[in-house]
Structures are given as structure tokens and as C-alpha cells.
Amino acid sequence: MSTMPTPDERLAALLAFLRRRVTGDYEIDEFGFDPDLNGTVLLELLRPLYRQWFRVTTVGLENVPAHSGALVVANHSGTLPMDALMLQVALNDEAHRPIRLLGAHLVYQLPVLGHLARKSGHTLACPEDADRLLRKGELVGVFPEGFKGVGKPFSERYRLQRFGRGGFAASAIRAGVPIVPCAIVGAEEIYPKIGDVRALARLLGLPYLPITPFFPWLGPLGLVPLPSKWMIEFGEPIRTDEYGPDEADDPMVILELTDQVRETVQERLDALRKRRGPAFPPFAR
């Protein structure tokens, strides 16, 4: 568990960051990832949510490879993809590894969000980018449910949606890296989705436009996430180096591996939800 920096340490880090930006003493990789900006500014903005608001607890960090490439496959939920951001903080601060999350095309069509996503290490969810990152030994993260998971109604909470066509499984086999199943509990309760303005969502080009108990009724205040208790579990890695390279193109192999990962995530999700207990425990800290 990482320790909280003191105010003096925060100030010293900020001044050092500003000096590096002025002198150009920082690097950005081919995908647009800016580790200096991400670690000093972007993640720092998320840490109060992670530590004080959601009080995130991590389980199974020993299952995350310390240095080699791996593919973290997690459930997706919460109306807004806050789970992706909390997963990013967890792995950076607790496992000391940046995770390169694969995002939908829509993310990169939005000027500010797309730019910040690239800066924080995210990239497009396509086989080419996934393969290149995994072969470089990076820790890559994917949410195979996509918008079907993050936008599902509250009545379907903690029930995994379909895992797409299994492209993530093919990428893991091609790179010969393990798949780390990840269960995230807590995101389902932050914005309980009770409705959807579908006509307006289509007009705006969005996958959905949610109605929650507080949005749009309370305006901007309705966008404040509820302080649910979160837990993130990393399960035992599923090996893929036992497959031959050609099996990455075999639909039956991909389907079987995809189903195995999905069933594992659902199993761990059910167990972790019971372990977490109430979403809003009294006097939780």
C-alpha cells in the first residue's frame, strides 16, 4: 500500500514537474502516453476519489506480473466509465505499473477527452495497438462488455454482458501473454441508471443518455458519483503461451477462451460482491 505524500512533498513534486515541462525534460511514446503528466497531474486528481470517496480496496495484486506483458480483462459498469480510472490508479499506485487501457472510438472523437486519454496511456481498442503494446511487455487493460456493460440498467447490476467477439483473447494468444481476470465491485452503485433518453442519445451520437435518481433533476450536482465502497480483485492469470500462433485465428479456440475468461470474471464478481457487503456501509472509512 502506498503512503500519502506530505504537503511539502506535493509542492516539491509540482515544482519539479513544472521545471521539466519548461525545459522539455519529458518523453511521450508513439501512442501519445505522457508518463510525467499522467503521474504528476492526472492521477493526482483521481487519488482523492480512489482513497477517500470510494475507499478502494485491492485484492490479488500478486497476480499482476511485476514486469512482463499481460492483459487485464475486467467487467465494465457505472453509467460513466469511472471504473477504468480507478483501475488505472490501483495498478499505478499499488502494483507500480501503468496500465494501457483500450478505449472505444467514441472516446477519441471527443477533443479534450480523447487528448487526455492518450496522455494518460489509453489507446484505441484495435488488434494492432493491443498487439504492439503486449509485445513491448506492457500491461494492457480491456473491458470486453464495452458500452453494453457501462450503460446497462441498475436492475442488471453485476450481471456480465456479452464479451464481444473475443478479440482480446486473440491478441493475448498472439503475444503469448497471460490474461488476468479482474472483478470490480462498487461502480454499479455510483450512478444507478433507471432510464434512458434514447431519441436524444441518437441525436447526439451517444450510445445512451442515462436517467438516474439525481440526473438530470439536480443538474450538475446529479453528476457527483455516490460514495459506494469499492473492491478490485485480480484473479489468477490464465495462460495463453500453451496455444500455437495459428490458434489465434481459430474461432472455436477464441470462443472457448473468451467464455473461460467471462465465467471466471463473473465468478469472482459474485464472490467479491458478497465479500464487500453493503454498497454504503455505515461509518465506512
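Please read all numbers here as calculations on a predicted model, not as lab measurements. (Residues numbered from 1 in each chain as written. Predicted model: local features only at pLDDT ≥ 70, side-chain atom pairs only at ≥ 80, totals over all residues. Heavy atoms only, no water.)

Draft legend 1. The arrangement of the environment of M86 in detail. Inspection of the secondary structure puts M86 in helix α3 (residues 82-94). For M86, a relative accessible area of 0% gives the class buried. With 72 residues separating them in the primary sequence, M86 and Y158 have C-alpha atoms 17 Å apart. Residues contacting M86, with those up to four places away along its chain left out, are L46, L49, Y50, F54, W230 and I232. (Helix = DSSP H or I, 4+ residues; strand = E, 2+ residues; numbered from the N terminus. Buried < 20%, exposed > 50% of the residue type's maximum accessible area, 1.4 Å probe, protein only. Contact = heavy atoms within 4.5 Å.)

Draft legend 2. Highlighting the sheet that holds strand β9 (residues 231-234). The seven strands lie next to each other as β1-β9-β6-β2-β5-β3-β4, forming an open sheet whose pairing is mixed. Two strands in the sheet have a free side with no partner beyond their single neighbour: β1 (57-59) and β4 (123-124). The sheet contact formed by strand β3 (residues 99-103) and strand β5 (residues 139-142) spans three bridges and is parallel. Looking across to β5, one finds that I99 is bridged to L139. (Pairing = 2+ DSSP bridges.)

Draft legend 3. Structural view of the pairing of β3. Most of β3 sits inside the fold, with five of its five residues counted as buried. Here β3 shows no split at all, with I99, L101 and G103 on one side and R100 and L102 on the other all buried. In the sheet, β3 pairs with β4 via two bridges, with the strands oriented parallel. Note on β4: the bridge partner recorded for L102 is T123.

Draft legend 4. Spatial organisation of empty space enclosed by the protein. Enumeration according to the criterion identifies one cavity of 30 Å³ or more in this entry. Approximately 50 Å³ is the volume attributed to the largest cavity. Every residue lining the largest cavity is listed: S77, G78, T79, G149, V150, K152, P153, F154, A187, E188, Y191 and K193. By residue class, the composition of the lining of the largest cavity is five nonpolar, four polar and three charged. (1 Å grid on protein atoms, 1.4 Å probe; cavity = no way out; pocket = protein on both sides within 12 Å on 5 of 7 lines; lining within 4 Å. Points joined across faces, edges and corners; volume = space filled by probe spheres on them. Nonpolar A, V, L, I, M, F, W, Y, C, P; charged D, E, K, R; others polar.)

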